[in-house]
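# Inside the fold
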Amino acid sequence: MKFRKYQLEIIDKAFDVLVKYGFVYLSMQVRTGKTLTAMGTAQKLGVDNMLFVTKKKAISSIEDDYKLLKPKFHINVVNYESLHKVTGKYECIVLDEAHGMGAYPKPSKRTKMIKQIIKKQNPFVILMSGTPTPESFSQLYHQVYACPHNPFRNYVNFYKFAKDYVDVVQIKIGAMPHNNYSRGKQTILDRMKPYMISYTQKEAGFKVETIEKVLKVKMSDLTYNMVKQLKKNLVIEGSDEVILADTGVKLMMKLHQLFSGTVKFESGKAKVIDYSKAEFIRTQFEGMKVGIFYKFKAEYEALKHVYGDNLTTELSEFRDTNKNIALQIVSGREGISLKQADCLVYYNIDFSALSYWQSRDRMTTKDTLQNDVYWIFSEKGIEDKIYRMVTKKKDYTLKHFEKDLLSL
């Protein structure tokens, strides 16, 4: 394979940054070739062994890129949840979807494990993400704090860092005051500039147009009756199970589930109560090869019931056969390609704006001219309201739900 011109330029820049600082952050938008660019950089460094940390669903596509490039170094591709199993010596570590390490004010478990590995091995570190700060500039601190030469290394923890780089405000959760650290200052990004290489789809020559269509489905009478009862009484008691919505958050979640035909009981068990959406998708997109995103696990059961053996969850099987694929939104929104799909279909919608913007781009390639994305919403449901919020790059929260509840 041959690198694109812009990839070669980024490889040269990343090499220089790595030699100088020991780490580089590739802030490249989805489908611009982050993985191959990172491998090309490691190849230029002349390393013998690479550890590539990514999401579980992306492992097969990373391994495919490695086989395509055929570099001289050996690679071990693992998901973040398997970091505790990592053994051996690595001269280069790639941290894919690095924004997933951005939790604050305390570091996440995965971030602590990465820090231990880097401290022990002192490798070159390549961080990658198309969305380094999806919610706040404050998310950058823990993404890079494992790197010995990061620009915030003199701050022993996030709280010390926040005194200089965050406008801390107090909010009340219940009756208790809490510090909110989400207002990270622009100076965080300014300090990161020497270490970051950014590249957009537009710069890469992408001309894709994403066309979104909302299709409405009338759910069963059972669904609407259960919604009505739950709103009124905040509880539905059956002979064996109970649906309880005694807080605002639980009511929001239960209605979100019900409007797509599933529900999770107090016991923890889940059940499909309405196959209307799954049947609509099968009928509407018959004869097409589709990538289907769902939110709740029971929604997959509804799809599997309707599609049978013509549905897979494996990328390799989707790529090599005529089967459709179903992926949970959060696990499938990053690091994978669904370029074989005729269109993307959303069984449901996530509350997260990040999920919206990342997952809808899974079909994009440099040669793609149009992506068709279909949202399957229930009539009189909550999905429309969530959609209006996430398209504005805002998460849908309890505050929004409480305003919308009267119209449901």
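Computed from a predicted model, the values in this text were never measured in an experiment.

By the secondary structure assignment, S129 is in the loop between β5 (124–128) and α5 (140–144). In this structure S129 comes out as buried when scored by relative accessible area, which is 0%. For S129, the side chain forms a polar contact with the main-chain nitrogen of T131, separated by 2.9 Å. S129 has contacts with Y25, L26, S27, M28, K34, A98 and H99, leaving out every residue within four places of it along the chain.

Turning our eyes to something else, we now look at the pairing of β5. Along β5, four of the five residues are buried, which leaves the element largely enclosed by surrounding structure. Summarising the sheet, strand β1 (residues 23–28) and β5 pair through four bridges and their orientation is parallel. Each bridged residue has a counterpart across the sheet, and for L26 the counterpart in β5 is M128. Here four bridges tie strand β4 (residues 92–95) to β5, and the two strands are oriented parallel to one another.

A few words on the sheet that holds strand β15 (residues 311–312). Reading across the sheet, the six strands line up as β9-β18-β17-β14-β16-β15 and stay open at both edges, with parallel pairing between neighbours. Edge positions in the sheet fall to β9 (209–217) and β15, since each of these pairs with one other strand and no more. Note that strand β14 (residues 290–294) and strand β17 (residues 343–346) share four bridges and pair parallel. In the sheet register, V290 faces β17, and the bridge partner there is C343. Contacts from helix α11 (residues 297–307) reach β14, β15 and β16 (324–328), with the element oriented near 145° to β14. Each of β9 and β18 (370–378) touches helix α15 (residues 383–390); the most contacted strand, β18, lies at about 140° to it.

Okay, the packing of helix α2 (residues 34–45) against helix α3 (residues 59–69) next. One way to put it is that α2 packs onto α3 with a least axis distance of 10 Å and a crossing angle of 50°. Relative to α3, the element α2 is oriented oblique. Judged by the twist between their axes, the crossing of α2 over α3 is right-handed. Listed contacts from α3 to T35, L36, M39 and G40 of α2 are I62, D65, Y66, L68 and L69.

Looking now at the environment of V390. With respect to the helices and strands, the residue V390 is situated in helix α15. Residues V390 and W357, spaced 33 residues apart in sequence, show a C-alpha to C-alpha distance of 8.3 Å. The contacts of V390, once residues within four sequence positions are left out, are I349, D350, F351, S352, A353, Y356 and W357.

Spatial ordering of the open sheet is given by β3-β2-β4-β5-β1-β8, a layout of six strands whose pairing is parallel. Single-partner strands in this sheet number two, and they are β3 (74–79) and β8 (196–199). Across this sheet, the average inter-strand angle for adjacent strands is 15°, counted without regard to direction. Relative to the sheet, α2 contacts β1, β2 (49–54), β3, β4 and β5, its axis offset from that of β5 by approximately 165°.

So, on to the pairing of β17. Along β17, one buried face is formed by C343 and V345 and the opposite face, lined by L344 and Y346, is buried too. Pairing of β17 with β18, which is carried by three bridges, proceeds in the parallel orientation. Note on β18: the bridge partner recorded for V345 is Y374.

Counting across every chain of the model gives one cavity of 30 Å³ or more. Each pocket or cavity is described by its volume, and for the largest cavity that value is around 30 Å³. Lining the largest cavity are I329, Y346, I349, D350, S352, S355, Y356, S359 and W375. Along the lines of polarity and charge, the residues of the lining of the largest cavity split into five nonpolar, three polar and one charged.

Another aspect to go through is the nonpolar core. L255, I281, F285, I292, L303, L338 and V345 are the most contacted members of the largest nonpolar core, which has 65 residues in total. Top element by residues in this core is α11. It accounts for six residues. The next biggest cluster of nonpolar side chains, apart from the first, holds 36 residues, and it includes F23, L83, I114 and Y181.

The next subject is the packing of aromatic side chains. In this structure the tally under the stated criterion is 26 aromatic pairs. Seen in terms of ring centroids, Y294 and Y300 are 5.8 Å apart; in terms of plane orientation they differ by 35°. Their pairing is tilted. Look at Y294 and you get buried, because its relative accessible area is 9%. Given the relative accessible area of 17%, Y300 is considered buried. Measuring from ring centre to ring centre gives 5.8 Å for F377 and Y387, while their planes differ by 65°; the resulting arrangement is edge-to-face.

How two helices pack is summed up by the angle between their axes together with the distance between the axes. At a closest axis distance of 9 Å, the pairing of helix α1 (residues 5–21) and α2 adopts a crossing angle of 55°. Relative to α2, the element α1 is oriented oblique. The two elements α1 and α2 cross, and the hand of that crossing is right-handed. Here α1 contributes Q7, I10, I11, D12, A14, F15, L18 and V19 to the contact with α2, which in turn contributes L36, T37, G40, T41, K44 and L45. Each residue belonging to the contact of α1 with α2 can be placed in one class, and the counts come to eight nonpolar, four polar and two charged.

Basis of the calculations
Residues numbered from 1 in each chain as written. Predicted model: local features only at pLDDT ≥ 70, side-chain atom pairs only at ≥ 80, totals over all residues. Heavy atoms only, no water. Helix = DSSP H or I, 4+ residues; strand = E, 2+ residues; numbered from the N terminus. Buried < 20%, exposed > 50% of the residue type's maximum accessible area, 1.4 Å probe, protein only. Polar contact = N/O pair within 3.5 Å; in protein donor to acceptor, adjacent residues only side chain to side chain. Contact = heavy atoms within 4.5 Å. Pairing = 2+ DSSP bridges. Axes fitted to C-alpha atoms, helices over the stretch in contact; angles between N-to-C directions. Parallel < 35°, antiparallel > 145°, perpendicular 65-115°, else oblique. Left-handed = near helix turned anticlockwise from the far one by under 90°. 1 Å grid on protein atoms, 1.4 Å probe; cavity = no way out; pocket = protein on both sides within 12 Å on 5 of 7 lines; lining within 4 Å. Points joined across faces, edges and corners; volume = space filled by probe spheres on them. Nonpolar A, V, L, I, M, F, W, Y, C, P; charged D, E, K, R; others polar. Core = buried A, V, L, I, M, F, W, Y, C linked by side-chain atoms within 4.5 Å. Phe/Tyr/Trp six-rings, centres within 6.5 Å; stacked < 30°, edge-to-face > 60°.

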